[in-house]
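Overview (structure and organization)
Listed below, chain by chain, are the residues.
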Amino acid sequence: TASDNDDAITSSKVMFQSDGWKPIKASLDKVPIFTCGNARGVPIAYDIETKDGPYKVPFFFCDVDDAQRELEKWKAKSLEE
């Protein structure tokens, strides 16, 4: 839904600006890695629960086949909603 997409965008922006992102980015910069997204460019994400409520975290892949499988699952789930 549009609201979920907006939540994913907001969560991604918050995550990428956090201090915790810096060491993750340093690790990810060492390997070829990518994410899949929808037509608006919003990355496929999953919800995690934190003390402040749910938080969307994007999936990252280094294997094309894994990414394709996850994308197909995500598309099927999106059609169900």
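Located above this text is the structure these notes cover.
Residues numbered from 1 in each chain as written. Predicted model: local features only at pLDDT ≥ 70, side-chain atom pairs only at ≥ 80, totals over all residues. Heavy atoms only, no water.

1. A word on the overall build of the protein chain
Each helix and strand in the protein chain was counted, giving three helices and two strands. Counting contacts in the protein chain only where the partners sit at least 6 residues apart, residues at least 24 apart contribute 62% of the total. Roughly 5,900 Å² of accessible area belongs to the protein chain as shown, and the carbon and sulfur atoms make up 56% of that amount. (Helix = DSSP H or I, 4+ residues; strand = E, 2+ residues; numbered from the N terminus. Contact = heavy atoms within 4.5 Å. Areas by Shrake-Rupley, 256 points an atom, 1.4 Å probe, with all protein chains shown as cover.)

2. Description of the nonpolar core
Judged by nonpolar contacts, Cys36, Ile44, Phe59, Phe61, Ala67 and Leu71 together constitute the single largest core of six residues. Beyond its immediate sequence surroundings of up to four residues, Leu71 is in contact with Cys36 and Ile44. (Core = buried A, V, L, I, M, F, W, Y, C linked by side-chain atoms within 4.5 Å. Buried < 20%, exposed > 50% of the residue type's maximum accessible area, 1.4 Å probe, protein only.)

3. Focus: the pairing of strand β1 (residues 45-50)
Bridge analysis of β1 against strand β2 (residues 53-58) gives six bridges, and the strand direction is antiparallel. Looking at β2, one finds that Tyr46 is bridged to Val57. Taking the residues that link successive antiparallel strands as the turn, the β1-β2 hairpin has two residues. (Pairing = 2+ DSSP bridges.)

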